[in-house]
Amino acid sequence: MKITVRYFASIREAMGTGSEVLDTSALTLGQLRDELIARDGAAAQVLARGRAVRMALNQVMGDEAAALADGAEVAFFPPVTGG
Amino acid sequence: MSHPRVSIQTHDFDLSAEVARLRAADKRVGAVCSFVGTVRDRNGGADPSVQSMELEHYPGMTEKSIEAMIDEAHKRFDIFGARVVHRVGLLQPLDQIVLVAVTSAHRGESFQACEFLMDYLKTQAPFWKKEQTPQGAHWVDARVSDDAALLRWGISGSNAS
C-alpha cells in the first residue's frame with residue numbers, strides 16, 4: 001500500500017527531506033519504523049530503537065501498534081518542545 | 001459570528017484584543033485567565049546565549065491537537081470559552097510566543113483550565129524549537145518536568161522520556 005511519511009525538526013534534517021511517498025508492506029507504525037531503519041543509514045540512526053521518537057498516524061499521536069491503511073499519513077518527529 | 005479558537009501564526013498577537021474578543025460582551029463571564037509565554041535569552045543556565053529561535057510545527061496536526069485539547073478542557077472544567085494563539089517561524093528574545101486565555105463564571109475554573117491547556121500543549125502539540133547561539137544552532141530538548149506537569153491532570157503522555 002501507498003502511504004505518505006512526514007518528518008519534522010531534527011529527524012527531518014537527518015532524513016534530508018520533509019516527506020516522501022512510500023510503498024510499504026508494514027502493517028503498523030512500529031513495523032514501518034523497522035522498515036525505514038533497515039532501509040538507510042540516516043533512518044537507522046535517527047529512528048533507532050531506544051531513541052525518543054514520537055509518531056503520528058493521520059495527524060493524531062500514535063503508538064507502535066497503530067494499524068496502517070492505504071493512503072495513510074504517518075509522521076516521525078522528536079519529543080515536542082512548543083509553548 | 002464565532003471566532004476561531006486556535007491560531008497558528010507568524011505575526012504577533014495583542015493580549016487585550018484577544019481577551020476582548022473571547023469575552024465577546026458575554027455577561028455571564030466573571031473571570032478571565034490568560035497566560036502569555038515569551039522567548040527568553042537563555043535556556044536553563046544564567047548565560048544569555050540565545051540569540052533567536054526558530055519554531056517549526058506540523059501544519060494540520062497542530063491545529064487538530066489543540067482543538068482536541070480545548071474540547072477536553074471544556075469537559076473537565078466549567079468554562080465558557082478558550083483561545084490559543086501560538087507563533088511559529090523566527091522569534092527573538094522578548095517576543096511573545098504563546099497565548100492561552102480562558103473565560104468562566106468564577107476564577108477557579110479558568111485558572112485551572114488555563115494551566116491544563118498549557119501543560120497539555122507543552123507535551124502534546126507538535127511544535128519544535130531550534131535555538132541560535134554563538135556556538136551554533138541546536139534543537140531544544142524536551143523536559144521531563146513538563147511530562148510531570150501533565151501527569152498532575154491524570155494524563156500520562158510521556159513526551160520527553
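Up top you'll find the structure we're talking about.
The paragraphs below set out a description of the structure included in this document. For clarity, every value in this text was computed on a predicted model and none was experimentally measured. (Residues numbered from 1 in each chain as written. Chains lettered and ligands numbered in written order. Predicted model: local features only at pLDDT ≥ 70, side-chain atom pairs only at ≥ 80, totals over all residues. Heavy atoms only, no water.)

Let's talk about the layout of surface pockets
Reasoning step 1: Looking at the largest pocket, its volume works out to about 580 Å³.
Reasoning step 2: Together, 32 residues line the largest pocket, and A:Gly82, A:Gly83, B:Lys122, B:Lys129 and B:Arg143 are the ones closest to its centre.
Reasoning step 3: Elements with a contribution of two residues or more to the lining of the largest pocket: β2 (31-38), α3 (107-124), β7 (127-133) and α4 (144-151) of chain B.
Reasoning step 4: The leading source of residues in the lining of the largest pocket is α3(B), at seven residues.
Reasoning step 5: Split into classes, the residues belonging to the lining of the largest pocket amount to 13 nonpolar, nine polar and 10 charged. (1 Å grid on protein atoms, 1.4 Å probe; cavity = no way out; pocket = protein on both sides within 12 Å on 5 of 7 lines; lining within 4 Å. Points joined across faces, edges and corners; volume = space filled by probe spheres on them. Helix = DSSP H or I, 4+ residues; strand = E, 2+ residues; numbered from the N terminus. Nonpolar A, V, L, I, M, F, W, Y, C, P; charged D, E, K, R; others polar.)

Side note on the environment of B:Gly81
Residues and elements named next belong to chain B.
Reasoning step 1: Within the fold, Gly81 resides in strand β4 (residues 79-87).
Reasoning step 2: Residue classification places Gly81 among the buried residues on the basis of a relative accessible area of 12%.
Reasoning step 3: The spatial distance from the C-alpha of Gly81 to the C-alpha of Val29 is 9.4 Å, given a sequence separation of 52 residues.
Reasoning step 4: In contact with Gly81, not counting residues within four places along its chain, are Leu22, His74, Ala101, Val102 and Thr103. (Buried < 20%, exposed > 50% of the residue type's maximum accessible area, 1.4 Å probe, protein only. Contact = heavy atoms within 4.5 Å.)

With respect to unusual backbone geometry
Reasoning step 1: Although it is not a glycine, A:Ala9 adopts a positive phi angle of roughly 55 degrees.
Reasoning step 2: Here A:Ala9 lies in helix α1 (residues 9-15).
Reasoning step 3: One non-glycine residue, B:Leu94, lies in the positive phi region at around 85 degrees.
Reasoning step 4: You can call B:Leu94 exposed: its relative accessible area is 77%.

Examining the sheet that holds strand β6 (residues 96-104) of chain B
Residue and element names in this part refer to chain B.
Reasoning step 1: The sheet built from four strands is open, its strands ordered β1-β4-β6-β2 with mixed pairing. Both outer strands of the open sheet, β1 (6-9) and β2, are each paired with one neighbouring strand and no more. Adjacent strand axes in the sheet meet at a mean angle of 10 degrees when their direction is disregarded.
Reasoning step 2: Bridging between β4 and β6 involves seven bridges; their strand directions are antiparallel. Directly across from His86, in β6, lies its bridge partner Val98.
Reasoning step 3: The sheet strands contacting helix α1 (residues 15-23) are β2, β4 and β6, and the helix crosses β6 at an angle near 30 degrees. (Pairing = 2+ DSSP bridges. Axes fitted to C-alpha atoms, helices over the stretch in contact; angles between N-to-C directions.)

Some words on the packing of aromatic side chains
Reasoning step 1: Scanning all chains against the criterion turns up 10 aromatic pairs over all chains.
Reasoning step 2: Aromatic rings pair up to connect A:Phe8, A:Phe77, B:Tyr58 and B:Trp128 into one cluster.
Reasoning step 3: Sitting over the ring of B:Phe80, B:Arg28 keeps its end group 4.1 Å from the ring centre. (Phe/Tyr/Trp six-rings, centres within 6.5 Å; stacked < 30°, edge-to-face > 60°. Lys NZ or Arg CZ within 6 Å of the ring centre and 35° of its normal.)

What to know about the side chain of B:His86
Reasoning step 1: Its place among the elements puts B:His86 in strand β4.
Reasoning step 2: Given a relative accessible area of 0%, B:His86 falls into the buried group.
Reasoning step 3: A distance of 2.9 Å separates a polar side-chain atom of B:His86 from the backbone nitrogen of A:Gly83.
Reasoning step 4: Once residues within four sequence positions are removed from consideration, B:His86 is found in contact with A:Gly82, A:Gly83, B:Ser7, B:Ile8, B:Gln9, B:Leu55, B:Ile97, B:Val98, B:Leu121 and B:Phe127. (Polar contact = N/O pair within 3.5 Å; in protein donor to acceptor, adjacent residues only side chain to side chain.)

Comments concerning the interface of chain B and chain A
Reasoning step 1: Between chain B and chain A, the residue contacts involve 29 residues of the former and 22 residues of the latter.
Reasoning step 2: Roughly 2000 Å² of surface becomes buried between chain B and chain A when both sides are summed, with 53% attributable to carbon and sulfur atoms.
Reasoning step 3: Contact with chain A buries area across many residues of chain B, yet B:Tyr58, B:Met61 and B:Trp128 alone supply 33% of it, more than any other trio.
Reasoning step 4: In this structure, B:Glu56 and A:Arg12 form a salt bridge, with 2.6 Å as the shortest nitrogen-oxygen distance. (Buried area = accessible area lost by both parts, 1.4 Å probe. Salt bridge = Lys/Arg side-chain N within 4 Å of Asp/Glu carboxyl O.)

Thoughts on the pattern of salt bridges
Residues and elements named next belong to chain A.
Reasoning step 1: Scanning the entire structure with this criterion turns up 18 salt bridges over all chains.
Reasoning step 2: Arg49 is the salt-bridge partner of Glu64, the closest N and O atoms lying 2.9 Å from each other. With Glu64 in the loop between β4 (60-62) and β5 (73-77) and Arg49 in the loop between α3 (41-46) and β3 (54-57), this residue pair connects regions lying 15 residues apart in the sequence.
Reasoning step 3: A relative accessible area of 28% places Glu64 in the partly exposed class.
Reasoning step 4: Here the residues in one salt-bridge network are Arg33, Asp34, Arg49 and Glu64, joined through shared partners.

These results come straight from atomic positions and should not be treated as a statement about function.
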